[in-house]
Amino acid sequence: RETELRQFTSALTACMETSTGQVIYIRGEAGIGKTHLTEEIVRIATEQGFDCHRTLVLDFGVGKGQGAIHALVRSLLSIPSGSGKAVRANAAEHMFATGILDRRQTMYLNDFLDLPQPPELHSIFEAMDNAVRNEGKRETLAALIRAQSEQRPTLLIVEDLHWADSTVVEQLAGLTQSIENSRVILTMTSRFE
């Protein structure tokens, strides 16, 4: 994997020097070493000062608020896996108090963090067209990642994209556009299928 690691190291350097986001897509047969390669990528990126966030698309489905994008949001907010409602709510409030997110994004962040909607937003969120709701979530995710990349260059890894449903694929597609002028590298892995 020496060639691939050199290419990735060059991508890291270019991302930092030009503040231009990049997308790296690693495809291969099951068992070929995609996860091991991403572990090496994380090691190199960490050595170069990148903040690294990793998520996994599961093949057997997940409970409410436990999907790959939800896990990525929790990682961006430094919320440990399995954290209770109070920890998630405090992390969300911090995003609004610091101005990273606008209060108009409350319902989208609440959805990502599996928090109850305030009464004044609950009926609005439930009545919202699914396409509008997903667009709001894409914009909220993009805002979180842009804020993260302004502090430190950021590496995002999404593994096993071949298991992703259309919503996850759409959110990642939107993310590829939003990182264009950011110090972000989005790396995704999948099998050929």
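Values in this document were obtained by computation on a predicted structure and should not be read as measured data. (Residues numbered from 1 in each chain as written. Predicted model: local features only at pLDDT ≥ 70, side-chain atom pairs only at ≥ 80, totals over all residues. Heavy atoms only, no water.)

**Points about the pattern of salt bridges**
Evaluation of the coordinates by the stated rule reveals nine salt bridges. Close ionic contact of Glu159 with Arg54 constitutes a salt bridge, the shortest N to O distance being 2.8 Å. One end of the pair, Glu159, is in strand 3 (residues 154-159); the other, Arg54, is in strand 2 (residues 51-56), and 105 residues separate them in sequence. Classification of Arg54 by relative accessible area gives partly exposed; the value is 31%. Across the pair Arg104 and Asp102 runs a salt bridge, and its minimum N-O distance is 2.9 Å. By relative accessible area, which is 33% here, Asp102 ends up partly exposed. Members of the salt-bridge network, linked through shared partners, are Glu40, Arg43 and Glu47. (Salt bridge = Lys/Arg side-chain N within 4 Å of Asp/Glu carboxyl O. Helix = DSSP H or I, 4+ residues; strand = E, 2+ residues; numbered from the N terminus. Buried < 20%, exposed > 50% of the residue type's maximum accessible area, 1.4 Å probe, protein only.)

**Looking at unusual backbone geometry**
Trans peptide bonds make up the majority, and among non-glycine residues the majority have a negative phi. In this structure, Ser78 takes a positive phi of about 60° despite not being glycine. Mapped onto the elements, Ser78 comes out in the loop between helix 3 (68-76) and helix 4 (85-97). Backbone geometry places Asp114, a non-glycine residue, at a positive phi of 55°. Following the sequence through the fold, Asp114 ends up in the loop between helix 5 (106-112) and helix 6 (119-127).

**A look at the pairing of strand 3**
In summary, the side chains of a regular strand alternate between the two faces of the sheet. A large share of strand 3 lies buried, amounting to six of its six residues. Going residue by residue along strand 3, you find Thr154, Leu156 and Val158 tucked away on one face and Leu155, Ile157 and Glu159 tucked away on the opposite face as well. The sheet contact formed by strand 2 and strand 3 spans six bridges and is parallel. Of the residues in strand 3, the one forming a bridge with Arg54 is Ile157. One crossover worth recording links strand 3 to the parallel strand 4 (residues 184-190) by way of helix 8 (residues 166-178), and it is right-handed. (Pairing = 2+ DSSP bridges. Right-handed = clockwise from strand over helix to strand, strands pointing away.)

**Notes on the packing of helix 1 (residues 2-18) against helix 2 (residues 34-47)**
Helix packing for two helices is described by the angle between their axes and how far apart those axes are. Put simply, helix 1 and helix 2 touch, their axes get as near as 10 Å, and they point 40° apart. Judged by the angle between their axes, helix 1 and helix 2 are oblique. Both helix 1 and helix 2 take part in a crossing whose hand is right-handed. Residues Glu4, Leu5, Phe8, Thr9 and Leu12 of helix 1 form the contact with helix 2, whose own contacting residues are Leu37, Glu40, Ile41, Ile44 and Ala45. For the contact of helix 1 with helix 2, the per-class residue count stands at seven nonpolar, one polar and two charged. (Axes fitted to C-alpha atoms, helices over the stretch in contact; angles between N-to-C directions. Parallel < 35°, antiparallel > 145°, perpendicular 65-115°, else oblique. Left-handed = near helix turned anticlockwise from the far one by under 90°. Contact = heavy atoms within 4.5 Å. Nonpolar A, V, L, I, M, F, W, Y, C, P; charged D, E, K, R; others polar.)

**Details of the layout of surface pockets**
A water-sized probe, rolled over the atoms, reveals where empty space remains. Considering only enclosed or pocket space, the second largest pocket measures out at about 240 Å³ in volume. If you go around the second largest pocket, you meet 14 residues; those closest to its centre are Glu4, Ile24, Tyr25, Ile26 and Leu37. Sorting the residues of the lining of the second largest pocket by element identifies helix 1, strand 1 (22-27) and helix 2 as the ones contributing at least two each. Considering only residue class, the lining of the second largest pocket consists of seven nonpolar, three polar and four charged. (1 Å grid on protein atoms, 1.4 Å probe; cavity = no way out; pocket = protein on both sides within 12 Å on 5 of 7 lines; lining within 4 Å. Points joined across faces, edges and corners; volume = space filled by probe spheres on them.)

**A few points about the pairing of strand 4**
Among the seven residues that make up strand 4, seven are buried, leaving the element largely enclosed by the rest of the structure. The alternating pattern of strand 4 places Val184, Leu186, Met188 and Ser190 on one face and Ile185, Thr187 and Thr189 on the opposite face, and all of these are buried. As judged from the six bridges shared by strand 1 and strand 4, these two strands associate in the parallel manner. Bridge assignment links Arg27 to a residue of strand 4, and that residue is Ser190. For strand 3 and strand 4, the ladder comprises five bridges, and the chain directions are parallel. Across the sheet, Thr154 pairs through a bridge with Val184, a residue of strand 4.

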